[in-house]
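Examining the three-dimensional arrangement
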Amino acid sequence: MPLVVDETGKLQDNISLRDLKAIQSDGRMFHRLYQTTHNFLLKIRREFAKKDDRPSRVVAVKKTDTLEHAISLCAEHGIHRVYIVDDQKKPIGVITLNDIFAEILNSI
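Quick caveat: nothing in here was measured; it's all calculated off a predicted structure.

The rules behind these values
Residues numbered from 1 in each chain as written. Predicted model: local features only at pLDDT ≥ 70, side-chain atom pairs only at ≥ 80, totals over all residues. Heavy atoms only, no water. Helix = DSSP H or I, 4+ residues; strand = E, 2+ residues; numbered from the N terminus. Buried < 20%, exposed > 50% of the residue type's maximum accessible area, 1.4 Å probe, protein only. Areas by Shrake-Rupley, 256 points an atom, 1.4 Å probe, with all protein chains shown as cover. Core = buried A, V, L, I, M, F, W, Y, C linked by side-chain atoms within 4.5 Å. pLDDT = per-residue confidence, 0-100. Salt bridge = Lys/Arg side-chain N within 4 Å of Asp/Glu carboxyl O.

**Observations concerning the overall build of the protein**
In terms of helices and strands, the protein carries 4 helices and 5 strands. The order of helices and strands in the protein, counted from the N terminus, is β-β-α-α-β-α-β-β-α. A total of 108 residues make up the protein; the buried ones form 29% of that total. Counting only carbon and sulfur atoms, one obtains 55% of the accessible surface of the protein, whose full area is about 7,700 Å².

Spelled out as structure tokens, the structure:
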């Protein structure tokens, strides 16, 4: 999924498939494609705040964190990816549940 970074490259957010579902196939919400990513995410969060359980902020780990920590964050937040950031919170990678499952299966 696309990452949203600020002008310094610091990770701010991401746009998920769940967010994109707010652009309905009948075209009623097609105008949302022309908003800034920041405004799009603000509106989506406001509209779906009560029924949406997405984390209020992007979930990230440092490259020194353990895989166990990444898995626990996925479980805690009900997400399928965590971003890896450097000390300046700039994205350097991503770990998905598919990556985690592959690692577990390859070690058996």
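Having seen the structure, we can now continue with the description.
**Some details on the nonpolar core**
Core analysis: the largest hydrophobic core is formed by 10 residues, namely V59, V61, A70, L73, C74, I79, V82, I84, I95 and I100. Every element with two or more residues in this core is listed here: α3 (67-77) and β4 (81-85). Take this core: its biggest share by element is 3 residues, from α3. Counting 5 residues, the second largest nonpolar core, distinct from the first, contains V4, I15, L41 and I44.

**Examining the confidence of the model for the protein**
Taken over all residues, the pLDDT of the protein has a mean of 82, while the share at 70 or more is 83%. At the level of individual helices and strands, the protein shows its lowest average pLDDT in helix α1 (residues 17-20), which scores 72, and its highest in strand β3 (residues 60-62), which scores 95.

**Some thoughts on the pattern of salt bridges**
If you walk through the whole model with that rule in mind, you get 1 salt bridge. K62 is the partner of D87 in a salt bridge, and the nearest nitrogen-oxygen pair spans 3.4 Å. Of this pair, D87 sits in the loop between β4 and β5 (91-96) while K62 sits in strand β3; the two residues are 25 residues apart in sequence, bridging distant segments of the chain. Look at D87 and you get exposed, because its relative accessible area is 62%. K62 sits in the partly exposed class, given a relative accessible area of 39%.

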